[in-house]
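One-letter residues, chain by chain:
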Amino acid sequence: MTQGAFITIEGIEGAGKTTCMQVLADRIEAHGIPLLQTREPGGTALGEDLRELLLGHRHTGMADDTELLLMFAARAEHIQRRIQPALDQGQWVLCDRFTDATYAYQGAGRDIPGERIAILEQWVQGALRPELTIVMDLPVAQGLERAGKRSTPDRFESEQAAFFERVRQGYLDIARREPGRVQVVDASRGLEEVTAGIAQVIDDFIGARNG
Ligand code: Z5A
């Protein structure tokens, strides 16, 4: 059986990932492709518990290495229990954030060397990498303004704008290094234009993979 495709979506606060996940899922399912939609940190019972620890305010001031290791602990569980089995059965997997978020947030944001993250990536993922990653990019101030209209900020959302500037640059650096895998979508535009851009990216990908 052909392995399913692994697709991830990334971006800073308020980029519109949640909104656009549905557009992607609808397009994929319209082609009759079985799809697993999931997210990180999370995606399993244990992963969702770790998510609560990571995003909640009980452990404000958590050491950067602890944060990094918890992200990868959740990821190990997610890959072994859900992502890899789904791909092996030919399902496509659409994941709201994955290891690029670790390079952007813990790497660029918290200043953990990329080489250290790469060791964990290799250990936990083996050869598994996303085939397509969509980075929704927009100015930090605009993203924070959109996100600010929502509920109480989580532990990451409580960071300063300078942190999110580094995260944004982290994502753009990854996109520059891996243009074949990473597609940057301008998320600063109105919702209709953004979703049209997203639809184009996924239609091209489905066409190339199935054609
Ligand atoms: N994290 C990490 O540090 N390391 C890792 O390895 C991983 C994660 C995997 C949880 O992520 C946190 O974990 C995340 C990074 C860290 N923290 N942060 N920041 P998350 O994905 O669950 O949290 P999030 O980034 O805050 O995602 P979100 O809350 O789901 O935001 P979003 O999906 O990008 O935005 P949205 O909810 O779709 O849209 C926000 C608002 O803007 C909403 O009112 C929309 O209606 C509006 N919106 C969206 N698009 C538009 C447009 N185009 N125009 C106008 N208004 C819009």
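Definitions and limits used
Residues numbered from 1 in each chain as written. Predicted model: local features only at pLDDT ≥ 70, side-chain atom pairs only at ≥ 80, totals over all residues. Heavy atoms only, no water. Helix = DSSP H or I, 4+ residues; strand = E, 2+ residues; numbered from the N terminus. Rg over C-alpha atoms; globule rule 2.2 N^0.38 Å. Buried < 20%, exposed > 50% of the residue type's maximum accessible area, 1.4 Å probe, protein only. Contact = heavy atoms within 4.5 Å. Areas by Shrake-Rupley, 256 points an atom, 1.4 Å probe, with all protein chains shown as cover. Lys, Arg positive; Asp, Glu negative; His and termini not counted. Charge placed at Lys NZ, Arg CZ, Asp CG, Glu CD. Polar contact = N/O pair within 3.5 Å; in protein donor to acceptor, adjacent residues only side chain to side chain. Near = heavy atom within 4 Å. 1 Å grid on protein atoms, 1.4 Å probe; cavity = no way out; pocket = protein on both sides within 12 Å on 5 of 7 lines; lining within 4 Å. Sits in = over half its atoms within 2 Å of the grid points. Nonpolar A, V, L, I, M, F, W, Y, C, P; charged D, E, K, R; others polar. Expected span 1.5 Å × (residues − 1). Pairing = 2+ DSSP bridges. Axes fitted to C-alpha atoms, helices over the stretch in contact; angles between N-to-C directions. Core = buried A, V, L, I, M, F, W, Y, C linked by side-chain atoms within 4.5 Å.

Draft legend 1. Local environment of the overall build of the protein chain. Scanning the protein chain from N- to C-terminus turns up eight helices and five strands. Reading the helices (α) and strands (β) of the protein chain from amino to carboxyl end gives β-α-β-α-α-β-α-α-β-α-α-β-α. Taking 17 Å as the expected radius of gyration for a compact globule of 211 residues, we find that the protein chain reaches 16 Å, a close match to that expectation. Expressed as a percentage of its 211 residues, the buried residues of the protein chain come to 52%. The contacts in the protein chain between residues at least 6 apart in sequence include a share of 80% that link residues at least 24 apart. With an accessible surface of roughly 10,100 Å², the protein chain has 51% of that area assigned to carbon and sulfur atoms. If you average the places of the 23 positive and of the 32 negative side-chain charges in the protein chain, the two averages end up 1 Å apart.

Draft legend 2. Main features of the side chain of Thr 133. Tracing the sequence through the fold places Thr 133 in strand 4 (residues 132-137). There is a polar contact of 2.7 Å between the side chain of Thr 133 and the side chain of Thr 8.

Draft legend 3. Spatial organisation of the site of the ligand. Glu 13, Thr 18, Arg 51, Arg 97 and Thr 102 are the nearest of the 29 residues found near the ligand. Within the contact set of the ligand, a nitrogen atom lies 3.5 Å away from a backbone nitrogen or oxygen of Leu 191. Calculation on the ligand without its partners gives an accessible area of 1,000 Å², and the protein chains cover 83% of this total. Mapping the ligand onto the cavity grids shows that it belongs to the largest pocket. The set of elements that each furnish at least two residues to the shell around the ligand consists of helix 1 (17-30), helix 2 (45-55), helix 3 (64-88), helix 4 (99-109) and helix 8 (191-210). With four residues, helix 4 is the single largest residue contributor to the shell around the ligand. For the shell around the ligand, the residue count by class is 11 nonpolar, seven polar and 11 charged.

Draft legend 4. Focus on helix 8. An ideal rise of 1.5 Å per residue puts 28 Å on 20 residues; helix 8 measures up with 28 Å between its terminal C-alpha atoms. For helix 8, the complete set of buried residues consists of Val 194, Thr 195, Gly 197, Ile 198, Ala 199, Val 201, Ile 202, Phe 205 and Ile 206. Against strand 1 (6-11), helix 1, strand 3 (92-96), strand 4 and strand 5 (182-186) lie the buried residues of helix 8.

Draft legend 5. Inspection of the sheet that holds strand 2 (residues 35-39) at higher detail. The strand order across the open sheet built from five strands is 2-3-1-4-5, with neighbouring strands paired in parallel fashion. The outermost strands of the open sheet, each flanked by one partner alone, are strand 2 and strand 5. The sheet shows a mean angle of 20° between the axes of neighbouring strands, taken without regard to direction. Pairing of strand 1 with strand 4 involves five bridges; the strand directions are parallel. When the bridges of strand 4 are listed, Thr 8 appears paired with Thr 133. On the sheet, helix 4 packs against strand 1 and strand 4 and is oriented at approximately 25° with respect to strand 1. Most of the contacts of helix 7 (residues 161-177) go to strand 5, to which it runs at about 130°, and overall it touches strand 1, strand 4 and strand 5.

Draft legend 6. The nonpolar core, seen in detail. Within the largest apolar cluster, 64 residues are counted, with the highest numbers of intra-cluster contacts made by Trp 92, Tyr 105, Ile 134, Met 136 and Ile 198. Ile 198 has contacts with Cys 20, Val 23, Leu 24, Ile 134, Met 136 and Val 185, leaving out every residue within four places of it along the chain.

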